[in-house]
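Structural features, examined
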Amino acid sequence: MELSSIASAVSNASASQTSATAAILMLRKTLDLQAESAIGLIQAIPQVTPPSNPPNLGNSIDVMA
C-alpha cells in the first residue's frame, strides 16, 4: 500500500467522521426545536373549567316511564 493511498483513506475517514458529527448536531438541534414547539402547544391548551350546572341537576332519576 502506498503512502498516498493511506493518506487518502485517513482523509476520507476524517471527512466522514466530521460529516457524521455535523449530522448528529443537526439532529439534536431539530429535536430541541420540536420539544420547544410541543411545550408551546401544550401550554396553549386552555384550562378546563368545571361545568356550571345547577346543584340539583342529576340528583334523581325518574324510573317511571
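That block above? That's the structure.
Residues numbered from 1 in each chain as written. Predicted model: local features only at pLDDT ≥ 70, side-chain atom pairs only at ≥ 80, totals over all residues. Heavy atoms only, no water.

**Side note on the overall build of the protein chain**
To keep things clear, this is the line we draw: Each helix is a run of DSSP H or I of at least 4 residues and each strand a run of E of at least 2, with the numbering of both proceeding from the N terminus. Taken over C-alpha atoms, the radius of gyration is set against a globule rule of 2.2 Å times the number of residues to the power 0.38.
Helix and strand counts for the protein chain stand at one helix and zero strands. For the protein chain, the C-alpha radius of gyration of 32 Å lies well beyond 11 Å, the compact-globule estimate for 65 residues. Taken along the three principal axes of its C-alpha coordinates, the protein chain extends 100 × 25 × 10 Å.

**Things to note about the environment of A13**
Tracing the backbone through its elements, the reader meets A13 in helix 1 (residues 3-43). The sequence separation of A13 and S37 amounts to 24 residues, and the corresponding C-alpha distance is 36 Å.

**Some thoughts on a nonpolar patch on the surface**
The cut-off we apply is this: Exposure above 30% relative accessible area and no salt bridge define the residues that can form patches, which grow by joining like charges within 9 Å and nonpolar side chains of Val, Leu, Ile, Met, Phe, Trp and Tyr within 5 Å. Only the protein chains shown count as covering a residue, and every accessible area follows the Shrake-Rupley method with a 1.4 Å probe. Whenever a carboxyl oxygen of Asp or Glu lies within 4 Å of a side-chain nitrogen of Lys or Arg, that contact is scored as a salt bridge.
Together, I61, V63 and M64 make up a nonpolar patch on the protein surface, roughly 420 Å² of accessible area in all. With respect to the helices and strands, the residue I61 is situated in the segment after helix 1.

**Looking at the environment of P55**
Within the secondary structure layout, P55 lies in the segment after helix 1. The spatial distance from the C-alpha of P55 to the C-alpha of A15 is 72 Å, given a sequence separation of 40 residues.

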